[in-house]
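In case you want the letters, here they are:
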Amino acid sequence: MSGSAVVVGGGIGGLAAAIGLRLIGWEVTVVERAPVLADGGAGISLHANGIRALDFLGVGEEVRAAARPQYTGGTRVPGGGWLARMDGTALQRELGTPIVGIPRAVLHHLLRTALPSECLMAGAEVTSVDRIDPNRMRIPLEDAVLEADLVVAADGVGSRLRAQLFPQHPGPAYSGSTVLRAITERPVELDTDFELTWGKGAEFGHIAFADGRAEWHAVLNSPPGVRHKDALGAMRRRFGDWHHPIPTLLDATRPDDVLHHDIHELAAPLPAYTADRIVLLGDAAHAMTPNLGQGACQALEDAAVLAAALATEPTVESALARYDTERRPRSQSIARAARQAGRMGHQLTHPLAVAARNTALRLAPSRATVHTILRHANWTPPGLG
């Protein structure tokens, strides 16, 4: 089965979906509202499930070459003591790959360059889809109307198409946390590939990259909308007395490079990921908190499953039904687990609760961290035949 598709959104999920659809012979147009398809953002970790989805899409080798494996690291307290260690070698034995770290801009660039430029349409905004004919979708733009057999709504956590399909759904909710993050301007000396540090109501973490630079992020319990005139200075005041290399990472960062976003999620799960010939993908379907590092991986899984379903099912309708059946339970389960991880991590503030959690982590067997990651990362894409 082949056809034509319009993918709304040129982020990681939308580009991956377009690659998957072209892989199975579909004609694809990616519509992105930003005037330029630029490569930006901070850093990202990809677990085995995300890497396997990228292999399915044919870009895994390029991503591995640009990424840095995460073999060492774990979770610490502000004074530097370890709560849990990460064994990337054990993960590689179990899954065939360790977690890898890569700048989001590099991943985005690799996905974008896997598509011909003529299928990318920047500076066009999709606010609705005409579903008068259930077998043919019409997508009005400012100065044109596109028609397609399928619309992939990959338009992010604030998805307008999701709001059109499910007007009774409450939409994204503020998670209670805000995140500041940046990539260092220059390489930094690090003892580990990946770390998280949990304090009362705050988390600081880093991801090391192949070129020696690193991404850092700071997650804070905060009312929504709070912003700092000097974001980097605020992070120095908040985290400057935490253990090495946190002050070093902040000192290696340009003030203008700090990004600040409130974290929103779909706390109320959607009743379906499809309606007629429109399919929700990535954050538009299951926006989750970043506590498990699974947001992008789940979008990549979505893209692989959608392509496989369309390649093997007899009709678009049966393919979308299969997509919904396979993706909704898994992605919503991982979203719940990510929310719970945040509640047991940086969101804890009561001293007794923090002490109890820290004790439990220190006493847990060394394999516990590996088992936790395996629970979500041990996924294999479906076949195309």
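Preceding this section is the structure that the text describes.
Quantities reported herein were computed from a predicted structural model and do not represent experimental measurements.

Asks: Before we move on, could you go through the overall build of the protein chain and cite the residues and values that matter?
Replies: Across its full length, the protein chain carries 13 helices and 18 strands. Relative to the globule expectation of 21 Å for 385 residues, the C-alpha radius of gyration of the protein chain, 21 Å, shows essentially globular dimensions. A total of 385 residues make up the protein chain; the buried ones form 56% of that total. Taking the contacts inside the protein chain whose residues are at least 6 apart along the sequence as the reference set, 74% of them involve residues at least 24 apart. Carbon and sulfur atoms form 52% of the exposed surface of the protein chain, whose accessible area is close to 16000 Å². Where the 37 positive side-chain charges of the protein chain centre and where its 40 negative ones centre are 8 Å apart.

Asks: Mind laying out the environment of proline 116, listing which residues take part and the relevant values?
Replies: Secondary-structure assignment places proline 116 in the loop between helix 5 (104–113) and strand 8 (120–122). Note on proline 116: relative accessible area 21%, which makes it partly exposed. The spacing of proline 116 and threonine 197 is 81 residues in sequence and 42 Å in space, taken between C-alpha atoms.

Asks: Give a description of unusual backbone geometry that names residues and reports values.
Replies: Omega for the peptide link from histidine 244 to proline 245 comes to 15 degrees, which places this bond in the cis form. Among the secondary structure elements, proline 245 is positioned in the loop between helix 7 (231–239) and helix 8 (246–251). Positive phi values are uncommon outside glycine, yet aspartate 276 reaches one of about 50 degrees.

Asks: Any details on the packing of helix 10 (residues 295–312) against helix 11 (residues 316–344)? Residues and values, ideally.
Replies: Packed helices, taken two at a time, are described by the angle between their axes plus the distance between the axes. Contact geometry of helix 10 with helix 11 gives a least axis separation of 8 Å together with a crossing angle of 155 degrees. Comparing their axes, helix 11 and helix 10 come out roughly antiparallel. Like other packed secondary-structure pairs, helix 10 and helix 11 cross with a definite hand, here right-handed. Residues Gln298, Glu301, Asp302, Val305, Leu306, Ala308, Ala309, Leu310 and Thr312 of helix 10 lie in contact with helix 11, whose contacting residues are Val316, Ala319, Leu320, Arg322, Tyr323, Glu326, Arg327, Arg330, Ser331 and Ile334. Considering only residue class, the contact of helix 10 with helix 11 consists of 10 nonpolar, three polar and six charged.

Asks: Can you break down the sheet that holds strand 3 (residues 43–46) residue by residue, with the values?
Replies: If you walk across this open sheet you meet the three strands as 3-7-4, and the pairing is antiparallel. Since the sheet does not close on itself, it has two edges, and those belong to strand 3 and strand 4 (68–70), each with one partner. Each strand axis lies, on average, 35 degrees off the axis of its neighbour in the sheet, ignoring direction. Contacts from helix 5 reach strand 3 and strand 7 (99–103), with the element oriented near 85 degrees to strand 7.

Asks: Describe the packing of aromatic side chains, with residues and values.
Replies: Applying the stated criterion to the full structure yields three aromatic pairs. Taking 5.5 Å as the distance between ring centres and 15 degrees as the angle between the ring planes, the aromatic pair formed by phenylalanine 204 and tryptophan 216 counts as stacked. Note that phenylalanine 204 is positioned in strand 14 (residues 202–208) and tryptophan 216 in strand 15 (residues 214–221), a separation of 12 residues in sequence. On the basis of relative accessibility, which here comes to 0%, the residue tryptophan 216 falls in the buried class.

Asks: Any chance you could break down the nonpolar core for me, citing the residues and the numbers?
Replies: Counting residues in each nonpolar core, the largest one holds 79 residues, and the members touching the most others are Leu21, Leu46, Ile139 and Leu150. Beyond its immediate sequence surroundings of up to four residues, leucine 46 is in contact with Ile51, Leu54, Val63, Pro98, Ile99, Val100, Ile102, Leu107, Cys297 and Leu300.

Asks: Talk me through the sheet that holds strand 11 (residues 150–153); I want residue IDs and the actual numbers.
Replies: The six strands lie next to each other as 8-2-1-11-18-17, forming an open sheet whose pairing is mixed. Whereas interior strands pair on both sides, the edge strands pair on one side only; in this sheet they are strand 8 and strand 17 (274–275). Bridging between strand 1 (residues 4–8) and strand 11 involves four bridges; their strand directions are parallel. Each residue of the ladder has a partner; that of valine 6, found in strand 11, is valine 151.

Asks: Requested: an account of the environment of glycine 50, with residues and values cited.
Replies: Here glycine 50 shows up in helix 2 (residues 48–57). Separated by 244 residues in the primary sequence, glycine 50 and glutamine 294 have C-alpha atoms spaced 8.3 Å apart. Those residues in contact with glycine 50, other than ones at most four positions away along the chain, are Cys297 and Leu300.

Basis of the calculations
Residues numbered from 1 in each chain as written. Predicted model: local features only at pLDDT ≥ 70, side-chain atom pairs only at ≥ 80, totals over all residues. Heavy atoms only, no water. Helix = DSSP H or I, 4+ residues; strand = E, 2+ residues; numbered from the N terminus. Rg over C-alpha atoms; globule rule 2.2 N^0.38 Å. Buried < 20%, exposed > 50% of the residue type's maximum accessible area, 1.4 Å probe, protein only. Contact = heavy atoms within 4.5 Å. Areas by Shrake-Rupley, 256 points an atom, 1.4 Å probe, with all protein chains shown as cover. Lys, Arg positive; Asp, Glu negative; His and termini not counted. Charge placed at Lys NZ, Arg CZ, Asp CG, Glu CD. Axes fitted to C-alpha atoms, helices over the stretch in contact; angles between N-to-C directions. Parallel < 35°, antiparallel > 145°, perpendicular 65-115°, else oblique. Left-handed = near helix turned anticlockwise from the far one by under 90°. Nonpolar A, V, L, I, M, F, W, Y, C, P; charged D, E, K, R; others polar. Pairing = 2+ DSSP bridges. Phe/Tyr/Trp six-rings, centres within 6.5 Å; stacked < 30°, edge-to-face > 60°. Core = buried A, V, L, I, M, F, W, Y, C linked by side-chain atoms within 4.5 Å.

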